[in-house]
Protein chains: 4
Amino acid sequence: MKIPELAALYAEDGSRRPKTRIHIGETVVGRDFLAIAGPCSVESEDQILSAAKAVKEAGANMFRGGAYKPRTSPYSFQGLGRMGLKYLKKAGEETGLPIVTEVIDTRDVFLISEYADVLQIGARNMQNFSLLVEVGKVNRPVLLKRGMYATIEELLNCAEYILNAGNPNVILCERGIRTFETYTRNTLDLSAVAALKGLTHLPVVVDPSHATGRIELIRPMTMSAIMAGCDGFEIEVHPHPETALSDRDQQLKPEEFKLLMEEARRTIAFRDGALCTRPERRALVPV
Amino acid sequence: MKIPELAALYAEDGSRRPKTRIHIGETVVGRDFLAIAGPCSVESEDQILSAAKAVKEAGANMFRGGAYKPRTSPYSFQGLGRMGLKYLKKAGEETGLPIVTEVIDTRDVFLISEYADVLQIGARNMQNFSLLVEVGKVNRPVLLKRGMYATIEELLNCAEYILNAGNPNVILCERGIRTFETYTRNTLDLSAVAALKGLTHLPVVVDPSHATGRIELIRPMTMSAIMAGCDGFEIEVHPHPETALSDRDQQLKPEEFKLLMEEARRTIAFRDGALCTRPERRALVPV
Amino acid sequence: MKIPELAALYAEDGSRRPKTRIHIGETVVGRDFLAIAGPCSVESEDQILSAAKAVKEAGANMFRGGAYKPRTSPYSFQGLGRMGLKYLKKAGEETGLPIVTEVIDTRDVFLISEYADVLQIGARNMQNFSLLVEVGKVNRPVLLKRGMYATIEELLNCAEYILNAGNPNVILCERGIRTFETYTRNTLDLSAVAALKGLTHLPVVVDPSHATGRIELIRPMTMSAIMAGCDGFEIEVHPHPETALSDRDQQLKPEEFKLLMEEARRTIAFRDGALCTRPERRALVPV
Amino acid sequence: MKIPELAALYAEDGSRRPKTRIHIGETVVGRDFLAIAGPCSVESEDQILSAAKAVKEAGANMFRGGAYKPRTSPYSFQGLGRMGLKYLKKAGEETGLPIVTEVIDTRDVFLISEYADVLQIGARNMQNFSLLVEVGKVNRPVLLKRGMYATIEELLNCAEYILNAGNPNVILCERGIRTFETYTRNTLDLSAVAALKGLTHLPVVVDPSHATGRIELIRPMTMSAIMAGCDGFEIEVHPHPETALSDRDQQLKPEEFKLLMEEARRTIAFRDGALCTRPERRALVPV
């Protein structure tokens, strides 16, 4: 479907609430800001428990960690699988944080749904349509990441696969697109965030860790994303980044994440207080 | 030169002030926020004078307008040339706003320097090295726009052409890069803004008008750019966008720009007050 | 893995034959030129049988057709599924042509292996690592298409997933990458074909239909691909393109494909006769 | 202008000959295959004379060399300027080869026209509209290179600038576009060559040296380009590439170029003999 038709769906279809609200634990995504944090990969029980406690203390309201890892090379660490899911569940129970983890195989959807509160579809699987249909059948919200090569229109069509399969709880995630620029790992497309807020009623979060691949750019890009109107973010935090088994260069230390959360809280308060963020205002038509 | 060598130049070379400060009229670029506004093209004396008064009243501290237009097609409006320069100068005198206008030919540099306070190098001429050397020889600050295909490294090397020719007053401008996404005119690369602030001592401004090509995205992208650490912005404003001879779809109406300026002022105050923007803090190393 | 390591694998690993030869029916891929043709989608028994007979008569040595279709929108035709597989098998039996069809779900690999001679992994699933591992376990050659956003290095790593799972019979396919150019559907990267021939021992085929999306460019790009050193091609042919349920603008009519095959035969004969195609010669080092 | 309008210009405008023929020395570009060769930069009289003799002997019918070099960094070798022009002229006189060299400044057009037979507009200056107009006023054919970020439509519009200024002798050159792929220096877009042959009456040549940036890919891409329908090529050849002051990794040795020319001759003969290259045939409509 083309963007005008997609946008029309949200305007006309009564079953799509004016603004989608997704209840996860005590958080109402779309109303409350969603701060997802945690390591790239689940590496051990200690690493996961200490990471979960650290991000909880810093103020995150959802914990992330990869048990099944889509890695470029088959010879890289592929994740702990089911054991990783157990550690994640335990971390969730000990901290009270809801858990989000990636699903990369249609056959794992049911299993992972028993351990995780939210299912993540990674960028490389955005157009794995069988997987989209499968997560559309379970009673778990889905965090759908934009493919590194995907247009806004394609991302919205992938969300349709999930919605159409019966699952209305989809959270979109901008995580950077692939361009000619090599200084950053990807190019964070914040105009897509503002555009999506006007085109769909689904919540939109941002992943500045994968988008930039550089520690020093994560904080400014997080604040920028907040002002672009995002409903949350997903940030990689690791107790000891220098020892991480994946994404070593882009995971924050707990104390760095704590600083980021402090600034994020002030920035969100400023945005929602001092600035009107209604789309029609965003459209710059004077009130 | 590679980025590490370029960054080293700023660290080691004493002649490059800790943070470049560029005095233009009463504004000190790099210290004061630079709000450039005005129409894409100079179309008539009335249009220019009314545009200049409107943006001045809204709080802009520099006026823009194109007298020599680089247009994709030779059959499109090419600008008023010298007559356009006269209108710009008059607008500057009546409003007290410094003028920035684009130079597209080495032979025009001296002439345009007599009318304009700042010389703009457009994205299509970023690697017009003869032109860079020529503007490097005159006593006018230069607004250097990033090419739509240019890496951060290439942009910095182009700045070197101007600095190396003897002109230390260069302002860098991120205006969106060309990607596969077609919903926006270009893809605004705000991570480049944060990156440049750490790599060079030159001021960095953002052009959300050309980057997005969509009215409704200009305001949110402006606020995002501010939080990314930019030192200013350049925004297209036209008294009657619907009648514009170029860029009809991305020029704001004066009242829309007024609204944007109000929010921008609050956002800048918040950023510079509530958030520390020192690079080392941006690097997320706890103080 | 990085390209040098990947290339080294082929040089050192004895289990990787000097040049991979894949026996499919009477064709030895890597020695004989592989001409795959057929419609984008399986639409009906008649359509498939007439298409298969037409491409067989024109000289194709493999028949393609999609039973499970990865479509951008969930509201587009999704393919006939198992019924489509039955039609394909029947077409194979009636014409003696081996069948290649796409698999998009790990759960379908076994089923599809019972109907098809070759399993295709589409561009959107190139990094569906679970699927790669699954097709790596069956006794069927795999046609692996390059993702529209994938580097040569990433394509080779995906082939490693299949090889590493135990299936040595992988055929790589260049089908165009996504760029800023909109005149063509994608941008055919023929330098990748020549590069891959030097980097790996796997056969490389080209898909000019998806790469260009334009009827008039398919023939010249096919001849260009042959001179780039490809081991075959995959071209969409439909008995009545104007009525096709998908890719209407890029499917050839049988008589157009017949013409293309005639020229392709002459071009292949010329290349393999008049030109030396050994990589070392390709490397332009005088003999 | 949009592509349909541009294509219409060629169909309707009588002043645009059915197929543009450009007489340069004894070569009629558009009828005879144009083989341009020579070093990236003019470095010394000896280097230029030995390079010119070598490419002449190998069968080139035009000699190239850069006297004014657009370099990414101001601290790299910038070319010998006027002295370089003198060497080029002498090389032309001694070998009888016409000379093509790049012009990068409107002020140099007249001067360079006195030394060179053909003026080259480099990729970085494709949209330097003042320069296009200036070369449109002189009595010298122009070799217009596609910008690394430019669409086919933009390239055709730039040709219009030259044609519209009064110079009908424009040769288009595909030299690779910038994409996410880093294995090759750029991505050679051969579908653009076939497309341009159908859209315009201007000759189209290909530069596989800058497109690939890799010695081993130049030969196969040259043969591919011939089959895509190009009217010629431009290839970098240096007597001693390992000592070159620029583009060291992509310049062929004379003996490598000799080999390439032999294969190119056979490939051109095959294409123009065995294959019909009329656009309508290329369009695959059965005769």
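Residues numbered from 1 in each chain as written. Chains lettered and ligands numbered in written order. Predicted model: local features only at pLDDT ≥ 70, side-chain atom pairs only at ≥ 80, totals over all residues. Heavy atoms only, no water.

A. Fine view of the overall build of chain A. Looking only at helices and strands, chain A features eleven helices and ten strands. By the compact-globule yardstick of 19 Å for 287 residues, chain A fits well, its C-alpha radius of gyration being 18 Å. When the 287 residues of chain A are sorted by exposure, 70% land in the buried category. Nonlocal contacts in chain A, meaning residues at least 24 apart in sequence, comprise 70% of its contacts between residues at least 6 apart. Summing over all exposed atoms, chain A offers an accessible surface of approximately 9,200 Å²; the carbon and sulfur share of this is 50%. On chain A, the mean spot of the 36 positive side-chain charges and the mean spot of the 37 negative ones are 1 Å from each other. (Helix = DSSP H or I, 4+ residues; strand = E, 2+ residues; numbered from the N terminus. Rg over C-alpha atoms; globule rule 2.2 N^0.38 Å. Buried < 20%, exposed > 50% of the residue type's maximum accessible area, 1.4 Å probe, protein only. Contact = heavy atoms within 4.5 Å. Areas by Shrake-Rupley, 256 points an atom, 1.4 Å probe, with all protein chains shown as cover. Lys, Arg positive; Asp, Glu negative; His and termini not counted. Charge placed at Lys NZ, Arg CZ, Asp CG, Glu CD.)

B. Representation of the sheet that holds strand 3 (residues 34–38) of chain C. Residues and elements named next belong to chain C. Read once around its circumference, the closed barrel built from eight strands follows the order 3-4-5-6-7-8-9-10, with strand pairing classed as parallel. Neighbour-to-neighbour, the strand axes of the sheet open up by a mean angle of 25 degrees, direction not taken into account. This element, helix 10 (residues 254–274), spans strand 3 and strand 10 (232–236) of the sheet and lies at about 170 degrees to strand 10. (Pairing = 2+ DSSP bridges. Axes fitted to C-alpha atoms, helices over the stretch in contact; angles between N-to-C directions.)

C. Quick peek at the relation of the copies chain C and chain B. When chain C is brought onto chain B, the operation consists of a screw motion whose angular component is 180 degrees and whose axial shift is 0.0 Å, with 0.0 Å RMSD remaining. In symmetry terms, the pair is related by a two-fold rotation axis. Considering only C-alpha atoms, the residue of chain C closest to the rotation axis is C:Phe180, which sits at 2.3 Å. Both copies share a contact surface, since 100% of the interface residues of chain C are interface residues in chain B too. (Least-squares fit on C-alpha atoms with pLDDT ≥ 70 in both.)

D. Representation of the nonpolar core within the structure. Within the largest apolar cluster, 347 residues are counted, with the highest numbers of intra-cluster contacts made by A:Phe257, B:Phe257, C:Phe257 and D:Phe257. Excluding residues that lie within four positions of it along the chain, A:Phe257 makes contacts with A:Ala37, A:Val55, A:Ala58, A:Ala60, A:Phe233, A:Ile235, A:Val237 and A:Leu252. (Core = buried A, V, L, I, M, F, W, Y, C linked by side-chain atoms within 4.5 Å.)

E. Inspection of the interface of chain B and chain A at higher detail. Taken together, the contact pairs 52 residues of chain B with 52 residues of chain A. Put simply, chain B and chain A have two salt bridges between them. The residue A:Glu181 makes a salt bridge to B:Arg146 at a minimum N-O spacing of 2.9 Å. Along the contact surface separating chain B from chain A lie seven residue pairs in polar contact (both at pLDDT 80 or more). Within the residue set of the side of chain B that touches chain A, elements represented by two or more residues are helix 7 (190–199), helix 9 (215–227), helix 10 (254–274) and helix 11 (279–282) of chain B. Broken down by element, the side of chain B that touches chain A gets its largest block of residues, ten residues, from helix 9 of chain B. Taken together, the residues of the side of chain B that touches chain A break down into 32 nonpolar, eight polar and twelve charged. (Salt bridge = Lys/Arg side-chain N within 4 Å of Asp/Glu carboxyl O. Polar contact = N/O pair within 3.5 Å; in protein donor to acceptor, adjacent residues only side chain to side chain. Nonpolar A, V, L, I, M, F, W, Y, C, P; charged D, E, K, R; others polar.)

F. Quick look at the interface of chain C and chain B. Contact with chain C, which involves four residues of that partner, is made by four residues of chain B. Carbon and sulfur atoms make up 82% of the surface buried where chain C meets chain B, a total of about 270 Å² over both sides. Where chain C touches chain B, the interface holds zero salt bridges. Counting the contacts that link chain C with chain B gives zero residue pairs in polar contact (both at pLDDT 80 or more). Of the residues in the side of chain C that touches chain B, the class split is one nonpolar, two polar and one charged. (Buried area = accessible area lost by both parts, 1.4 Å probe.)

G. Spatial organisation of the packing of aromatic side chains. All chains considered together, the criterion is met by twelve aromatic pairs over all chains. Measuring from centroid to centroid gives 4.5 Å for B:Tyr149 and D:Tyr149, while their planes differ by 15 degrees, and the two rings are stacked. Here the residue B:Tyr149 occupies a position in the loop between strand 7 (142–145) and helix 6 (152–164), and D:Tyr149 occupies one in the loop between strand 7 (142–145) and helix 6 (152–164), the pair thus bridging two chains. It is C:Arg16 that lies over the ring of C:Tyr10; its NZ or CZ is 4.7 Å from the centre. (Phe/Tyr/Trp six-rings, centres within 6.5 Å; stacked < 30°, edge-to-face > 60°. Lys NZ or Arg CZ within 6 Å of the ring centre and 35° of its normal.)

H. Layout of the packing of helix 2 (residues 45–58) of chain A against helix 10 (residues 254–274) of chain A. Residues and elements named next belong to chain A. Between helix 2 and helix 10, the shortest axis-to-axis distance is 9 Å and the interhelical angle comes to 25 degrees. The orientation of helix 2 relative to helix 10 falls into the category roughly parallel. The way helix 2 lies across helix 10 gives a crossing that is right-handed. Judged by residue contacts, Ala54, Val55, Glu57 and Ala58 of helix 2 engage Pro254, Phe257, Lys258, Met261 and Arg265 from helix 10. In terms of residue class, the contact of helix 2 with helix 10 is made up of six nonpolar, no polar and three charged. (Parallel < 35°, antiparallel > 145°, perpendicular 65-115°, else oblique. Left-handed = near helix turned anticlockwise from the far one by under 90°.)

I. Representation of helix 3 (residues 82–95) of chain A in the model. All names here are of chain A. Relative to the 20 Å expected for 14 residues at 1.5 Å per residue, helix 3 spans 20 Å between its end C-alpha atoms, a close match to the ideal helical length. Restricting attention to buried positions, one finds in helix 3 the residues Gly84, Leu85, Tyr87, Leu88, Ala91, Gly92 and Thr95. Take helix 3 and look down its axis: the buried residues cluster within an arc of 160 degrees, on one side only. Looking at the packing, one finds that the buried side of helix 3 touches helix 2, strand 4 (62–64), strand 5 (99–102) and helix 4 (109–115). (Expected span 1.5 Å × (residues − 1). Arc of directions from axis to C-beta.)

J. Seen up close, the side chain of B:His210. Residues and elements named next belong to chain B. Counting through the fold element by element, His210 comes out in helix 8 (residues 208–212). Since its relative accessible area comes to 12%, His210 is described here as buried. Polar side-chain contacts of His210 include one of 2.7 Å to the side chain of Asp207. For His210, the side chain forms a polar contact with the side chain of Asp247, separated by 3.2 Å.

K. Spatial organisation of the pattern of salt bridges. Within this structure, the stated rule accounts for 90 salt bridges over all chains. Between D:Arg64 and D:Glu236 there is a salt bridge, and its shortest N-O distance comes to 4.0 Å. Residue D:Arg64 is located in strand 4 (residues 62–64), and its partner D:Glu236 is located in strand 10 (residues 232–236); the two are separated by 172 residues in the primary sequence. One network of salt bridges, with partners in common, ties together C:Arg64, C:Lys145, C:Asp207, C:Glu234 and C:Glu236.

L. Inspection of the sheet that holds strand 10 (residues 232–236) of chain B at higher detail. All names here are of chain B. Spatially, eight strands are ordered 3-4-5-6-7-8-9-10 in a closed barrel, and the strand pairing comes out parallel. For this sheet the average axis-to-axis angle between neighbouring strands, irrespective of direction, equals 25 degrees. With five bridges joining them, strand 3 (residues 34–38) and strand 10 adopt parallel strand pairing. In the sheet register, Leu34 faces strand 10, and the bridge partner there is Gly232.

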